[in-house]
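Coordinate inspection notes
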Amino acid sequence: MMSNNPKKQVQLSHGGGGKEMNALIHKLFFKAFDNEILSSEEDAAALNLNGPTAFTTDSFTVAPLFFSGGNIGKLAVAGTVNDLAMMAAKPEYLSCSFIIEEGFAIDDLKTIVESMASELAKSGAKVVCGDTKVVPRGCADGIFINTSGVGEIQKQGISVKNIQPGDAIIVSRDIGRHGATILMAREGLTLDSELTSDCATLWPMVESLLNADIPVHAMRDATRGGLAAVLNEWANASDVGITVQESQLPIADEVKGLCELYGFEAFDLANEGTFIIALPKEHAEQALNLIQAHEDGKNAAIVGEVTEAHNGKVILKTPWGSSRYIDLPQGELLPRIC
Amino acid sequence: MLELKQLYQGFREPETIARLAEQIKQQAELVKQRDPAEKINIMEVCGGHTHTIMKYGLNQLLPDNIEFIHGPGCPVCIMPKERIDHAITLASQPDIILVTLGDMIRVPGSKGSLAQCRANGHDVRPIYDPLDTLQIAKDNPDKKVVFFAIGFETSTPMTVVLLEQAEKLAITNLYFHINHVLVPPAISAVMADPAVRVNAFIGPSHVSVIQGSEIYRFAVDNYNTPVVVSGFEPVDVMESILRITTQRAKGEAELDNQYTRAVTPEGNTKAQELVNTYLCVREDFRWRGLGPIPESALRLRDEYQHRDAEIKFADILQHEPIEDHKACQCGDILRGLCKPKDCKVFARGCTPDSPMGSCMVSSEGACNAYYRYSGVTENA
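So, how was this worked out
- Residues numbered from 1 in each chain as written.
- Chains lettered and ligands numbered in written order.
- Predicted model: local features only at pLDDT ≥ 70, side-chain atom pairs only at ≥ 80, totals over all residues.
- Heavy atoms only, no water.
- Helix = DSSP H or I, 4+ residues; strand = E, 2+ residues; numbered from the N terminus.
- Rg over C-alpha atoms; globule rule 2.2 N^0.38 Å.
- Buried < 20%, exposed > 50% of the residue type's maximum accessible area, 1.4 Å probe, protein only.
- Areas by Shrake-Rupley, 256 points an atom, 1.4 Å probe, with all protein chains shown as cover.
- Lys, Arg positive; Asp, Glu negative; His and termini not counted.
- Charge placed at Lys NZ, Arg CZ, Asp CG, Glu CD.
- pLDDT = per-residue confidence, 0-100.
- Domains from an automatic or database assignment.
- Contact = heavy atoms within 4.5 Å.
- Buried area = accessible area lost by both parts, 1.4 Å probe.
- Salt bridge = Lys/Arg side-chain N within 4 Å of Asp/Glu carboxyl O.
- Polar contact = N/O pair within 3.5 Å; in protein donor to acceptor, adjacent residues only side chain to side chain.
- Pairing = 2+ DSSP bridges.
- Axes fitted to C-alpha atoms, helices over the stretch in contact; angles between N-to-C directions.
- Phe/Tyr/Trp six-rings, centres within 6.5 Å; stacked < 30°, edge-to-face > 60°.
- Lys NZ or Arg CZ within 6 Å of the ring centre and 35° of its normal.
- Parallel < 35°, antiparallel > 145°, perpendicular 65-115°, else oblique.
- Left-handed = near helix turned anticlockwise from the far one by under 90°.
- Nonpolar A, V, L, I, M, F, W, Y, C, P; charged D, E, K, R; others polar.
- Core = buried A, V, L, I, M, F, W, Y, C linked by side-chain atoms within 4.5 Å.
- Expected span 1.5 Å × (residues − 1).
- Arc of directions from axis to C-beta.

**A closer look at the overall build of chain A**
Each helix and strand in chain A was counted, giving nine helices and 13 strands. Relative to a compact globule of 338 residues, whose C-alpha radius of gyration would be 20 Å, chain A shows 21 Å and is just as compact. Every one of the 338 residues in chain A was classed for burial, and the buried ones make up 55%. For chain A, the exposed surface amounts to about 14100 Å²; the carbon and sulfur share of it is 46%. In chain A, 26 positive and 44 negative side-chain charges are present, and the distance between their average locations comes to 3 Å.

Here's what the structure looks like:
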C-alpha cells in the first residue's frame, strides 16, 4: 500500500486544500464519480428529494484493504447502498470522505476509487459530495472511508419490529464468506482456497422483490455478527422466536472447513452481500425464485421460520433431531486453543 | 493437499448419528435391566468434547442413565489466577510484548484480563500459530517478547518447535512462560476425590496423537473404568459413547481407541523426544479448581534457563496462590461434583460478557457451552 516514489504516493499536501489537493480531487475523484451535482462544486449538494427518505452513514476500516472479491472502496459503496436497500429505499445520493495516511500509493487509491465507481453503477446511486483528509504516517492504517447515503423509500413498513409468527426466513446466499475471506487473508494461512468475499450491491435483488409486490416484513444485510446477530436482533425486537434448520443453511465447503479449523460458526461470520428476509410463508417460494434469478442469489434458501414459542431466542435444529440456541456472537473472534 | 472439507465430511451423517443413538439406548437398557439405579457417568476430560456434545446437542439423544461430567481438560479453564497475573504483569512492562494463544486473553486474573491490559495500551498479541512469535521477535529487536505458553500435551510440541527455532536462529529477545499441563495427573486428581461419581472416560484423541493411547491405561487399571480415546466429530463422540456403554453393559473396563485414523498406542515418538529435549516435569503445578497436583505440568530444562521468563523476570512475578471468587464453583464443576447450572452465579453474575470464573470464559469451558447452547430441550 505504501510506495517509495513520492510522485506516486499521497503526500500531506494532498490534504492541504491547495493545488495538489485540487488536482487529486479533479483527476481522480471527480473523474471516477462524474455527475452534474458533484462537478458543480458548490459548498453543499443541492438534491431533489420527495416523500419518505432513508438516510444512513457508515465508516469503513478493513485489513487487508484489498481482499479476494473486493476492496475497502467496493465495501464502502456496497455497505451504504445496502443499508438503504434494506429499508426498501432506492439508493440515490452518497457522500464520500477519505482519511488517507501520508505515503499511501496513488495507484492503490485509484484502484479503490474506480471500484467504488463501478459498484455505484449497480444501483445507479451517485457520489455528490465528499471530503479528503491526509494524516501523517502512522496516524491511520492506510485509508479509512466514510460514506453516507440517502434514498427514496419505495415501500414503507419494513421493520425489525414487524416480524410475525408464521413468517419464513430466507437467506439470499451462502453465509460467512466475507468473514472467512478476511480471516484467511489476514492470518496469511497457507491453505489453498479460492474463497472470495460476497461483497456486492443488493439493490437489484431487493428491487425485483419490490417490483413483484412481495409483502416483505423485514430485511437486513447480515454484516458484522453475521446471520446470528440479525436473527437475535429480530427475535428481540419483534418478541418472537426463530427456528433455523441447520440442514438448510447454505455454507460453502471452504467456509465450513475454516470454521472447523478455528472453532468458529459460519453464522457468526461477517457477510457483505448477503441479506435476510422475513415474510409470510405463502410468499416465500416466489421470493426465493426471484432472488435465485440473480447471479449472487443462486444459493438463496428458506432456512427457518418465526414461532410463538421461545420469544427472543433463536434455535438451531440439527439434522439428527437435537436443538440448541444460536446466541449473539461475543467479543472479537478468537480461535479455540485445543 | 488437504481439502478443508475432509476435516468434517462423513462424521456428521444424521442417519449414522441416529443409528448410534439407538444402539447406545439398547446397551444402556441392558445396564438398566441389571440395576435400575446404575448410572454411566462419563467424564469427557477435554473441553473440545464438551463443546461437541453441547454444540451438536448429543446429550439430548441419550438415555437418562447416561450422564456427562465435564472434566478439567481445558487449558484456559484450569489456569490459576496467579499465572494469569504473571502474564498481565509481564505485558504491563513497557519493553515487553506478550504473545499468547486465542481466548487466553479474555480470562480474568486478579487484576483483570490480558484484553483489558491491551486496551490500556500494553502490547498483547493473540496469535494463531506459535511460530508467528518468531517474526514478532525479529521485527522488534529492541523489545523482549514473552510467549505465554498454554495447553495440554497437544500444543506442547508447537511451543517446543518455536523454542528450537529461536535457538537455531539465535534470537535472543524471545522468552517463554511455560504453562503446559498434563492430562494423566489431572485424571488421577479427579479420581482421588472421595465424592467422585465418574465411572468412565472419553479420552482426548489429540493428546493421544502425541502421547499415544496407552497413557490412559493407568485409569483402566487403577479405577476399573472404561476409557475410550475419541475424535471430536459428532459421529466420533457417539461411537465412543456406544463403546463405553457396551463395556458397561458387559461389566468390562478396557482401554479402547476409537480414533484409529490418527492415534497409535505409542503416539508420535519424535514429538515426544523433541518435547523431552527442551522441557521436563515440574514438581507441582496449581490447577484452578483442583489445587496443586504433583508432576502435572512442564517447565524449561535447566540448560534453557536463559529463555525462562519466570527466571528472567523473577523479581516482578508473585507466586502466592490467588483463590477464585467465593461464589464461583468452577472448581467443583471441573471435578465433576456439580453442573454449571448448579452454580449460584451461572448466567447471573457470571456470563461470557463478564465472566467470574474461567469455565465461563473459554469457548471450551463447560459453563460457556451450557450458557451458549443448552436449555432448549425442555420446550423445543
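More follows now that the structure is in view.
**Section: the confidence of the model for chain B**
Mean pLDDT over chain B stands at 91; residues scoring 70 or higher make up 96%. Among the scores for the predicted complex, ipTM is 0.77 and pTM is 0.85.

**Let's talk about the domain arrangement of chain B**
Residue and element names in this part refer to chain B. Domain boundaries assigned for chain B yield domain 1 (35-327) and domain 2 (329-372). Listed by partner, the interface residues are 29 residues for domain 1 and 22 residues for domain 2. Taking both partners together, domain 1 and domain 2 bury about 2200 Å²; carbon and sulfur atoms supply 61% of that area. Its largest share of buried area at the contact with domain 2, domain 1 owes to His 70, Cys 77 and Ala 327, together 23% of the area lost on that side. Where domain 1 packs against domain 2, one counts two salt bridges.

**Regarding the pattern of salt bridges**
Residues and elements named next belong to chain B. Scanning all chains against the criterion turns up 32 salt bridges over all chains. Between Lys 144 and Asp 95 there is a salt bridge, with the nearest N and O atoms lying 2.7 Å from each other. Placement of the pair is Lys 144 in strand E5 (residues 144-151) and Asp 95 in the loop between helix H3 (81-91) and strand E3 (96-101), with a sequence separation of 49 residues. Residue classification places Lys 144 among the partly exposed positions, given a relative accessible area of 23%.

**A word on the side chain of Arg 248 of chain B**
Residue and element names in this part refer to chain B. For Arg 248, the location among the structural elements is in helix H10 (residues 234-250). Under the relative-accessibility criterion, Arg 248 is labelled buried at 15%. Within polar-contact distance, the side chain of Arg 248 engages the backbone oxygen of Asn 199 at 3.3 Å. Leave out the neighbours within four places in its chain, and Arg 248 touches Val 31, Arg 34, Glu 38, Lys 39, Ile 40, Asn 199 and Pro 226.

**A closer look at the sheet that holds strand E10 (residues 275-280) of chain A**
Residue and element names in this part refer to chain A. Here we have seven strands laid out as an open sheet, ordered E8-E10-E7-E11-E9-E12-E13, and mixed in their pairing. If you trace the sheet from one side to the other, it starts and ends with strand E8 (218-221) and strand E13 (323-325), each paired once. Put simply, the sheet's adjacent strands are angled 25 degrees from each other on average, direction ignored.

**Quick word on the sheet that holds E5 of chain B**
Residue and element names in this part refer to chain B. Sheet architecture is open: four strands sit in the order E4-E3-E5-E6, paired in parallel fashion. For this open sheet the edge positions go to strand E4 (124-127) and strand E6 (174-180), each flanked by a neighbour on one side alone. With strand direction ignored, the average angle separating the axes of adjacent strands in the sheet is 20 degrees. The pairing of E3 with E4 spans four bridges and is classified as parallel.

**Brief notes about the packing of aromatic side chains**
Applying the stated criterion across every chain, the model contains eight aromatic pairs over all chains. Ring centres of Trp 320 of chain A and Tyr 56 of chain B lie 5.9 Å apart, and the angle between their planes is 50 degrees; on these two criteria the pair is classed as tilted. One end of the pair, Trp 320 of chain A, is in the loop between strand E12 (314-317) and E13; the other, Tyr 56 of chain B, is in the loop between helix H2 (47-55) and strand E2 (66-73), on a second chain. Residue classification places Trp 320 of chain A among the buried residues on the basis of a relative accessible area of 10%. Arranged with centres 4.8 Å apart and planes meeting at 45 degrees, the rings of Tyr 278 of chain B and Tyr 304 of chain B form a pair that is tilted. Taken together, the residues span a long stretch of sequence, with Tyr 278 of chain B in helix H11 (residues 269-278) and Tyr 304 of chain B in the loop between strand E13 (298-300) and helix H12 (309-312) at a distance of 26 residues. Tyr 304 of chain B shares its class with Tyr 278 of chain B; the two are buried. In this structure, Lys 313 of chain A packs its charged tip against the face of Tyr 325 of chain A, placed 4.8 Å from the ring centre.

**Topic: the packing of helix H1 (residues 14-34) of chain B against H10 of chain B**
All names here are of chain B. Where H1 meets H10, the closest approach of the two axes is 9 Å, and the angle between their N-to-C directions is 20 degrees. With respect to H10, the axis of H1 lies roughly parallel. Crossing of H1 against H10: the hand is left-handed. Contacts between H1 and H10 involve Thr 16, Ile 17, Leu 20, Ala 21, Gln 23, Ile 24, Gln 27, Ala 28, Leu 30, Val 31 and Arg 34 on the former and, on the latter, Pro 234, Val 235, Met 238, Glu 239, Ile 241, Leu 242, Thr 245, Thr 246, Arg 248, Ala 249 and Lys 250. A per-class count over the contact of H1 with H10 returns 13 nonpolar, five polar and four charged.

**Points about the pairing of strand E12 (residues 291-294) of chain B**
All names here are of chain B. Of the pairings in the sheet, the one linking strand E11 (residues 284-287) to E12 comprises four bridges and is antiparallel in character. What sits directly across from Trp 287, in E12, is Gly 291. From the end of E11 to the start of E12, which pair antiparallel, there are three residues, and Gly 289 there has a positive phi angle of about 90 degrees.

**Observations concerning helix H8 (residues 253-262) of chain A**
Listed as buried for H8 of chain A are Val 255, Gly 257, Leu 258, Cys 259, Glu 260 and Tyr 262 of chain A. After H8 of chain A finishes, the residue Gly 263 of chain A shows a positive phi value of roughly 80 degrees.

**Re the nonpolar core**
All names here are of chain B. In terms of nonpolar packing, the biggest core is built from 99 residues, with Ile 42, Ile 187, Tyr 216, Met 238, Ile 241 and Trp 287 touching the most fellow members. Here this core takes seven residues from H10, the largest share from any one element. Each of domain 1 (35-327) and domain 2 (329-372) contributes no fewer than three residues to this core. Ignoring anything within four residues of it in the chain, the contact list for Ile 42 reads Ile 66, Glu 67, Phe 68, Ile 69, Ala 200, Phe 201, Ile 202, Ile 241 and Ile 244.

**Structural notes on the pairing of E3 of chain B**
Burial within E3 of chain B is extensive, with six of its six residues counted as buried. Both faces of E3 of chain B are covered, namely the face carrying Ile 96, Leu 98 and Thr 100 of chain B and the face carrying Ile 97, Val 99 and Leu 101 of chain B.

**Looking at H1 of chain B**
All names here are of chain B. With 21 residues, H1 extends 31 Å between its outermost C-alpha atoms, agreeing within 8% with the 30 Å of an ideal straight helix rising 1.5 Å per residue. Of the residues making up H1, those classed as buried are Ile 17, Leu 20, Ala 21, Ile 24, Gln 27, Ala 28 and Val 31. Along the axis of H1, the buried residues cluster in a sector spanning 135 degrees; they form a single face. The exposed set on the far side of H1, more than 90 degrees from its buried face, consists of Glu 15 and Gln 33. Against the buried residues of H1 lie strand E1 (40-46), E2 and H10.

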